[in-house]
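The lines below spell out each chain.
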Amino acid sequence: MVSKKSAAVLTVAAGAAVLFGAGSAQAATAPGEAAPGSATLAKTDVGQALNGTTTGLGYGIAPIKSLRLDPWANSAADFLNNGAALQPDQGLPSVGTGTLTGPLSAGGGVKDLPLVGGLTGLLPG
């Protein structure tokens, strides 16, 4: 009977032999000649690689930009719907929190925020 420790050692040894190719036969080839059945890689077109990367990145980022940030938007439990306003003296316009929290309490995402929303246009998607 084989102990658990011996079985584990045998399993690791067999895995290492498969991983490192112990006992596999390699055909001898000339230095400039490719081995039969081997594959060679084509040169990478950098422009197409960057285009594919930005296209894929755009599809991944686009949902994040419009993700709803306030889960309670348009509900009675929305705490961002409550705002505070201040009317300064000398005829200045009122200042309130509704300008910042309004897009969020309406169910908007990052692209709808007043200051950050313009910067999301720089991201692909």
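Preceding this section is the structure that the text describes.
Residues numbered from 1 in each chain as written. Predicted model: local features only at pLDDT ≥ 70, side-chain atom pairs only at ≥ 80, totals over all residues. Heavy atoms only, no water.

A closer look at the overall build of the chain
Note the following rule: Secondary structure elements are taken from DSSP: a helix is a run of H or I of four residues or more, a strand is a run of E of two residues or more, and numbering for both begins at the N terminus. Relative accessibility under 20% of the residue-type maximum defines a buried residue, over 50% an exposed one, and the middle range a partly exposed one, all with a 1.4 Å probe and only protein chains included. Contacts were defined at the residue level, with two residues in contact if any of their heavy atoms lie within 4.5 Å. To measure how exposed things are, a 1.4 Å probe is used in the Shrake-Rupley method; for residues, cover is taken only from the protein chains shown.
Along the backbone of the chain there are 3 helices and 2 strands. Beginning at the N terminus, the succession of helices and strands in the chain can be written as α-α-β-β-α. Residue burial in the chain is summarised as follows: out of 125 residues, 11% are buried. Contacts in the chain between residues at least 24 apart in sequence constitute 57% of all its contacts with a sequence separation of at least 6. Just so you have it, the chain exposes about 10,000 Å², and 65% of that area is on carbon and sulfur atoms.

Topic: helix α2 (residues 46–65)
To keep it simple, the criterion reads: What a helix should span is 1.5 Å times the count of its residues minus one. What is called the bend at a residue is the angle between a pair of axes, fitted to the seven residues leading up to and ending at it and to the seven starting from it.
With 20 residues, α2 should reach 28 Å at 1.5 Å per residue; the first-to-last C-alpha distance of 28 Å fits that figure. The sharpest bend along α2 comes to roughly 25°, located at tyrosine 59, with the proline proline 63 sitting one to four residues further on. All of the buried residues in α2 are Gly58, Ile61 and Lys65.

Describing helix α3 (residues 98–105)
Keep this limit in mind: Directions from the helix axis toward the C-beta atoms define the arc.
The complete set of buried residues in α3 reads Thr101, Leu104 and Ser105. For α3, the buried positions fall inside an angular range of 90° around the axis, keeping them on one side. Downstream of α3 by one or two residues, glycine 107 has phi in the positive range, about 95°.

Section: the environment of glycine 107
Take glycine 107: it is sitting in the segment after α3. Residue glycine 107 is classed as partly exposed on the basis of its relative accessible area of 28%. In sequence terms glycine 107 and aspartate 70 are 37 residues apart; their C-alpha atoms lie 6.4 Å from each other. The residues touching glycine 107, leaving out its near neighbours within four places in the chain, are Arg68 and Ala73.

A word on unusual backbone geometry
Phi at asparagine 74 takes a positive value of approximately 60°, unusual for a residue other than glycine. Within the secondary structure, asparagine 74 sits in the loop between α2 and β1 (85–86). Of note, the phi angle at glutamine 90 is positive, near 60°, even though the residue is not glycine. Mapped onto the elements of the fold, glutamine 90 is located in the loop between β1 and β2 (95–96).

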